[in-house]
Structure formats: structure tokens, C-alpha cells
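# A structural walkthrough
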Amino acid sequence: MRPRRGTDRIRGRRDRGVDLPLVGPTRTCVGCRNRAPAASLLRFVAAGSGDDLRLLPDPRRRLPGRGAHLHPDPACFAQAERRRAFGRALRLTGVADAGLLAEHIRTVSVPCGTTDDEALPPRHDPAR
């Protein structure tokens, strides 16, 4: 009997090159739809009811309720907003106000070097 084709492609968990206990849980960003470790994504929940639904950032991952995850990047936020992904991810029937979540992402995603702090000296010798 001939061996099956493609059986050499089936590998165990250890052979994939990913050590799951070290990586931790992975989640999908509702904006870009890419999977990433949960520690690198921002969790948010919907709070309130009826016309007073608000999206609250949950950086400590402690707020009750169904949560969804998003990269702390304004581009991912804009993409999720454009695709109306917040309501689907949280199973909402109404439209939620995303103002608090947008403000949190804006403050968290400030790139290095754009603050008004004093400039740091270069780490290398420019003469080399």
C-alpha cells in the first residue's frame, strides 16, 4: 500500500515554531482583522443601554460584559469605525458612542519624539 500524499505536512504543535505557553492567548483586532497576542491589543466594552451606549476602553481587562479587541492605533480604529465593526463585535443592536475609545487610542498612540519634552542626546557617536 502506498503512503498518502501530504502526510509529511501534518505536524504537531511543537513543530510549528510557536510555543503557545510563552505567547499567551491571541485575539483578533476588529479593525484590521489580524490576530495578535492579547497583551498587545486594547480591550473595550459597551456600557449603558438604549440611546446611551458608550464604548469604554478596558486596558486592565477587568470591566464586566462582552469585550472586543483593537490595536491601539488610529488607523485600526478608523477602519473598524468605517466597517461598523464595533456593533457586530459586541453584539449591539444600537449605535454606540466611540468618543471615549477614540480619545484613549489617540493618547496612547502618540509616537516617540512628538512630545514637548527635552530632546535626548544621540545614543551613538556621530563621528564614527
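Note: the structure precedes this text.
Notes on the structure follow. Sequence order as written defines residue numbering, which begins from 1 separately in each chain. Totals for whole chains, interfaces and linings use all residues, but because this is a predicted model, local features are given only for residues with pLDDT of at least 70 and pairs of side-chain atoms are given and counted only at 80 or more. Think of the side-chain values as coming from all heavy atoms in the structure, minus any hydrogens and water.

### Description of the sheet that holds strand E5 (residues 67-70)
Strands are labelled as partners when DSSP assigns at least two bridges between them. Secondary structure follows DSSP: runs of H or I at least 4 residues long count as helices, runs of E at least 2 residues long count as strands, and numbering of each begins at the N terminus. Overall, antiparallel pairing links the 3 strands, which are arranged E4-E3-E5 in an open sheet. Since the sheet does not close on itself, it has two edges, and those belong to strand E4 (54-57) and E5, each with one partner. Averaged over all neighbouring strand pairs, the angle between strand axes comes to 35 degrees, with direction disregarded. Should any heavy atoms of two residues lie within 4.5 Å, those residues are considered in contact. Only the stretch in contact is used when a helix axis is fitted, and all axes are lines through C-alpha atoms; the angle between N-to-C directions ranges over 0 to 180 degrees. Contacts between helix H4 (residues 99-108) and the sheet are confined to strand E3 (42-47), E4 and E5, with E4 contributing the most and set at about 30 degrees to the helix.

### Thoughts on the packing of aromatic side chains
The rule is short: rings of Phe, Tyr and Trp, with Trp giving its six-membered ring, pair when the centres are within 6.5 Å, and they are stacked under 30 degrees, edge-to-face over 60, tilted in between. Following the criterion strictly, the structure yields 2 aromatic pairs and no others. Plain terms: the ring middles of Phe44 and Phe86 are 5.4 Å apart, the flat faces sit at 85 degrees to each other, and that makes the pair edge-to-face. Of this pair, Phe44 sits in strand E3 while Phe86 sits in helix H3 (residues 85-90), and the two are 42 residues apart along the sequence. An identical accessibility class is assigned to Phe44 and Phe86; each is buried. Here the aromatic rings of Phe77 and Phe86 are separated by 5.6 Å at their centres, their planes lie at 40 degrees, and the arrangement is tilted. The pair formed by Phe77 and Phe86 is uniform in burial state, with each residue classed as buried. The buried label applies to any residue whose accessible area, calculated with a 1.4 Å probe on protein chains only, is under 20% of its type's maximum; exposed applies above 50%, and partly exposed to all values in between.

### Digging into unusual backbone geometry
You will see that Arg33, though not glycine, has its phi angle at about 65 degrees, which is positive. Here Arg33 lies in the loop between strand E1 (26-28) and strand E2 (35-37). Since its relative accessible area comes to 51%, Arg33 is described here as exposed. A positive phi angle, close to 55 degrees, is found at Arg84, a residue other than glycine. Examined against the element boundaries, Arg84 turns out to sit in the loop between helix H2 (74-83) and H3. Residue Arg84 is classed as exposed on the basis of its relative accessible area of 66%.

### Some words on the side chain of His69
Structurally, His69 is set in strand E5. Here His69 is in contact with Arg27, Thr28, Cys29, Val30, Leu41, Leu42, Arg43, Phe44 and Arg61, once residues within four sequence places are set aside.

### Quick notes on the pairing of E3
When you tally the buried positions in E3, you get 5 out of 6 residues, the bulk of the element. In this sheet, E5 lies alongside E3 in antiparallel orientation, the contact comprising 4 bridges. Each bridged residue has a counterpart across the sheet, and for Val45 the counterpart in E5 is Gly67. Note: E3 against E4, 4 bridges, orientation antiparallel. What sits directly across from Ala47, in E4, is Arg54.

### Overview of H4
Along H4, the positions that sit buried rather than exposed are Leu101, Ala102 and Ile105. Down the axis, H4 shows its buried residues gathered within 100 degrees of arc, on one side only. Buried residues along H4 sit against E3, E4, E5, H2 and H3. Taking the helix axis as origin, the arc is that swept by the directions to the C-beta atoms.

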